[in-house]
Amino acid sequence: MAMTPATQHQPGTPEVPGRDRERRRLHTKLKLATQIGQGIDGYIIGGIGMAMAALTTDLHLSTFMQGLVGASPLIGIFIGGPLFGRLADRFGRRPVFLVDMLIFLIGSVVQFFVTDGTQLFLIRLLMGVAIGGEYAIGAPLLSEYAPRKGRGRLLASLEISWYVGYALATVVGALFADVDGGWRWSLASSAVIAVVCVALRGGIPESARWLLSRGRREEAEALIEKYGIEVDVDAELDESEAPAREGFLALFNRRHLRSTIFASVFWAALVLPYFAIGTFWTQVFEALNMGDNAVAALLVYSFTAVAGVTAGCLVVDRIGRRRLLIPPFWITAGALALVALWPTSTPVIVGGFLFFIFLNAASSALTAIYPLEVFPTSLRTTGVGFATAMSRVGAAIGTFLLPMGLDRFGAEFVLLVGAGVLALGGLVSQFLAPETTDMDLARAARKARGA
């Protein structure tokens with residue numbers, strides 16, 4: 001459809017100094033606010049890996065409670081993703097974006113004062129709700145201001161932030177490892193990051209695409225003109241008249257079910273092995289008779305993931321979405337299977353895990369891209385929130401069951417299950433993953449549902 005000059009800023013048009021300055025300022029602030037939000041997600045989840053052994057001793061946790069504490073943020077994400085996603089589609093991106101970070105701040109501080117496993121479980125459950133909200137609102141808001149060209153790299157950079165946050169939490173945890181009660185300081189240190197992020201999120205305007213989805217065209221066009229936002233207004237207005245106005249249940253109608261299944265399954269298959277193995281890395285290494293190297297291996301694990309997601313960010317707009325997703329699924333499944341079949345070979349263990357970590361992290365760049373592209377604006381945060389929840393259901397189950405699985409069946413069985421999950425992700429993606437590189441968001445959503 002044709003787009004009027006007033007409603008779309010094209011890269012080749014004459015520059016308007018005031019508008020370009022406003023656009024750059026907004027993009028910088030929004031990118032930082034979103035990246036730091038993703039970073040704190042990784043920081044909160046990653047911090048528990050280094051802290052688990054010490055807090056288990058201090059709080060006298062059973063194996064069952066260890067699983068609950070480890071899985072608590074993932075359980076919270078199951079609640080927070082759909083809840084905050086629906087709120088952001090109903091009431092707007094801006095207010096949810098700010099409230100979400102305030103929850104992080106409060107939860108981070110309160111962790112310091114826990115006296116038993118139940119308290120820690122409940123607090124980290126609440127923080128998981130906020131993490132689910134961050135996934136549902138942060139990347140979608142950034143995507144709705146992003147230009148069509150290079151959108152993949154911009155959104156994938158959020159995953160770099162996540163892995164950097166995860167790695168940073170590992171380093172902080174290692175620094176406090178020998179301090180009496182150091183796990184309290186390492187877990188509570190996320191409050192510092194949250195304060196910075198709350199300050200950045202003040203003053204960020206509402207999404208123009210969301211305003212269009214609510215029929216508020218004049219307000220949307222004022223923002224589009226002020227910031228030179230690249231938006232296909234006609235396509236957005238067409239989508240706003242679609243059945244997505246039904247709300248949450250629209251995810252399961254014939255129009256959107258394909259996108260809902262794809263986004264949920266591919267995301268779950270990517271993160272389940274990563275979270276489960278990463279949270280209990282020490283126990284996995286001990287089960288493979290390499291316990292003396294567990295701390296060093298966890299640092300390698302974290303920084304290899306940073307390298308992998310950075311590589312994914314650099315190539316996602318060059319090779320396309322499908323090529324970055326499907327082949328790595330099969331390769332990482334094979335890598336974990338090899339470790340399971342040759343658990344006494346140090347070269348196989350090291351090489352297999354490095355292949356798994358690097359390629360899994362590279363593909364995970366797509367978790368900040370694909371779910372945003374396969375749903376229309378009127379359902380975007382609802383769809384992303386639901387896909388986030390489904391991904392974390394699998395991750396929470398895996399994290400909860402892994403320590404018991406290690407005790408009863410051994411590391412080989414656990415790794416074979418992880419390989420099977422990755423293979424399932426590859427199979428589903430082969431048939432359902434659309435190629436949406438460099439497409440306008442509204443048109444990408446149409447392609448994802450086969451329209």
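Residues numbered from 1 in each chain as written. Predicted model: local features only at pLDDT ≥ 70, side-chain atom pairs only at ≥ 80, totals over all residues. Heavy atoms only, no water.

Engineer: Can you help me understand the overall build of the chain in this one?
Structural biologist: Secondary structure assignment for the chain yields 19 helices and zero strands. Within the chain, the fraction of its 451 residues that count as buried is 61%. Across the chain, contacts joining residues at least 24 apart in sequence account for 84% of those joining residues at least 6 apart. Summed over all atoms, the accessible surface of the chain reaches about 16,900 Å², with 67% contributed by carbon and sulfur. (Helix = DSSP H or I, 4+ residues; strand = E, 2+ residues; numbered from the N terminus. Buried < 20%, exposed > 50% of the residue type's maximum accessible area, 1.4 Å probe, protein only. Contact = heavy atoms within 4.5 Å. Areas by Shrake-Rupley, 256 points an atom, 1.4 Å probe, with all protein chains shown as cover.)

Engineer: Even after reading the chapter, I still don't get the packing of aromatic side chains, so can you show me in this structure?
Structural biologist: To describe a pair of aromatic rings, one takes the distance between the centres and the angle between the planes. According to the stated counting rule, one finds 11 aromatic pairs in the structure shown. Between the aromatic rings of Phe 248 and Phe 386, the centroid separation amounts to 5.8 Å while the plane-to-plane angle is 70°, which identifies the pairing as edge-to-face. Linking Phe 248 in the loop between helix H10 (233-240) and helix H11 (257-279) with Phe 386 in helix H17 (residues 380-408), this pair joins segments that are 138 residues apart in sequence. What makes Phe 248 partly exposed here is its relative accessible area of 31%. (Phe/Tyr/Trp six-rings, centres within 6.5 Å; stacked < 30°, edge-to-face > 60°.)

Engineer: Hey, could you run me through a nonpolar patch on the surface in this one?
Structural biologist: Side chains of Phe 78, Ile 79, Leu 83, Leu 87 and Phe 91 sit close together on the surface and give an oily, nonpolar patch of about 450 Å² of accessible area. Here Ile 79 lies in helix H2 (residues 63-91). (Patch = residues over 30% accessible without salt bridge, like charges linked within 9 Å, V, L, I, M, F, W, Y side chains within 5 Å. Salt bridge = Lys/Arg side-chain N within 4 Å of Asp/Glu carboxyl O.)

Engineer: Help me understand unusual backbone geometry in this model?
Structural biologist: As a rule of thumb, non-glycine residues mostly have phi less than zero, and peptide bonds are mostly trans rather than cis. Unusually for a residue other than glycine, His 60 sits at a positive phi of about 55°. Inspection of the secondary structure puts His 60 in the loop between helix H1 (17-59) and H2. Even without being a glycine, Asp 438 presents a positive backbone phi close to 65°. Relative to the elements of secondary structure, Asp 438 occurs in the loop between helix H18 (411-432) and helix H19 (441-448).

Engineer: Got a minute to help me understand the pattern of salt bridges in this structure?
Structural biologist: Charged atoms that come close allow side chains of opposite charge to pair. Counted according to the given criterion, the structure contains 12 salt bridges. For Arg 93, the salt bridge is made with Asp 89, and the minimal N-O distance between the two is 2.6 Å. No difference in accessibility class separates Arg 93 from Asp 89, as the two residues are buried. Residue Arg 148 pairs with Glu 230 through a salt bridge whose shortest N-O separation is 3.7 Å. Residue Arg 148 is located in the loop between helix H4 (117-145) and helix H5 (151-175), and its partner Glu 230 is located in the loop between helix H9 (217-227) and H10; the two are separated by 82 residues in the primary sequence. Relative accessible area serves as the criterion here: at 30%, Arg 148 is assigned to the partly exposed category. Judged by its relative accessible area of 10%, Glu 230 is buried.

Engineer: Whenever I open this one, the packing of H2 against helix H3 (residues 93-111) confuses me. Can you help?
Structural biologist: The axes of two packed helices give the description: the angle between them and the distance between them. Close contact between H2 and H3 brings their axes to 7 Å; oriented N to C, the two are set at 145°. Every residue of H3 that contacts H2 at Phe 84, Leu 87, Ala 88, Asp 89 and Phe 91 is listed here: Arg 93, Pro 95, Val 96, Asp 100 and Ile 103. Residues of the contact of H2 with H3, tallied by class, amount to seven nonpolar, no polar and three charged. (Axes fitted to C-alpha atoms, helices over the stretch in contact; angles between N-to-C directions. Nonpolar A, V, L, I, M, F, W, Y, C, P; charged D, E, K, R; others polar.)

Engineer: How do you make sense of the packing of helix H14 (residues 321-341) against helix H15 (residues 346-364) when you look at a structure like this?
Structural biologist: Interhelical geometry of H14 versus H15 gives an angle of 155° and a closest axis separation of 8 Å. As summarised for this structure, H14 and H15 are arranged roughly antiparallel, according to the angle between their axes. You can see that H14 and H15 cross each other, and the crossing is left-handed. Note on element contacts: H15 touches H14 through Val 348, Ile 349, Gly 352, Phe 353, Phe 355, Phe 356, Leu 359, Asn 360, Ala 362 and Ser 363, opposite Leu 324, Leu 325, Pro 328, Ile 331, Thr 332, Ala 335, Leu 336, Leu 338 and Val 339. Each residue belonging to the contact of H14 with H15 can be placed in one class, and the counts come to 15 nonpolar, four polar and no charged. (Parallel < 35°, antiparallel > 145°, perpendicular 65-115°, else oblique. Left-handed = near helix turned anticlockwise from the far one by under 90°.)

Engineer: Where do I start with the side chain of Glu 134 in this structure?
Structural biologist: Structurally, Glu 134 is set in helix H4. A residue is classified by how much of its surface remains accessible, and Glu 134, at 0% relative accessible area, is buried. Apart from residues no more than four positions distant in its own chain, Glu 134 is found in contact with Thr 34, Gly 37, Gln 38, Asp 41, Phe 97, Asp 100, Met 101, Phe 104, Ala 139 and Arg 201.

Engineer: Before we go on, may I ask you to explain the nonpolar core in this structure?
Structural biologist: Ranked by internal contacts, the top residues of the largest apolar core, which has 119 residues, are Leu 55, Phe 266 and Leu 325. The element contributing the most residues to this core is H4, with 14 residues. Apart from residues no more than four positions distant in its own chain, Leu 55 is found in contact with Ile 48, His 60, Leu 61, Leu 120, Trp 183 and Leu 187. (Core = buried A, V, L, I, M, F, W, Y, C linked by side-chain atoms within 4.5 Å.)

Engineer: How should I be thinking about H9 in this particular structure?
Structural biologist: Residues lying three or four places apart along an α-helix face the same way, a consequence of the helix completing one turn every 3.6 residues. Along H9, the positions that sit buried rather than exposed are Ala 220, Leu 223, Ile 224 and Tyr 227. Looking straight down H9, one finds its buried side chains confined to an arc of 100°; they lie on one side. Following H9 by one or two positions, Gly 228 adopts a phi angle in the positive range, close to 65°. (Arc of directions from axis to C-beta.)

Engineer: So what exactly am I meant to see when it comes to the side chain of Thr 381 here?
Structural biologist: In this structure, Thr 381 sits in helix H17. A relative accessible area of 0% means that Thr 381 is categorised as buried. Only 3.4 Å separates the side chain of Thr 381 from the side chain of Arg 93, close enough to count as a polar contact. With residues up to four places along the chain from it excluded, the contact list for Thr 381 reads Gly 85, Ala 88, Asp 89, Arg 93, Ala 136, Ile 137 and Pro 140. (Polar contact = N/O pair within 3.5 Å; in protein donor to acceptor, adjacent residues only side chain to side chain.)

Engineer: Would you take a moment to explain H3 for this structure?
Structural biologist: Taking 1.5 Å as the rise per residue, H3 with 19 residues should run 27 Å; its terminal C-alpha atoms sit 28 Å apart, in good agreement. Residues Arg 93, Val 96, Phe 97, Asp 100, Met 101, Ile 103, Phe 104, Gly 107, Ser 108 and Gln 111 constitute the buried set of H3. Seen from one end, H3 has its buried residues packed into an arc of 150°, which puts them on one side. (Expected span 1.5 Å × (residues − 1).)

Engineer: What exactly am I supposed to notice about the confidence of the model for the chain here?
Structural biologist: Parts of the prediction with low pLDDT should not have their coordinates interpreted in detail. For the chain, per-residue confidence averages 83 on the pLDDT scale, and 85% of positions sit at 70 or higher. The secondary-structure element of the chain with the lowest mean pLDDT is helix H12 (residues 281-287), recorded at 58, while helix H16 (residues 370-373) shows the highest, at 92. Note that pLDDT drops below 50 for residues 1-14; the model gives that stretch 27 contacts with residues more than four away or on any other chain. (pLDDT = per-residue confidence, 0-100.)

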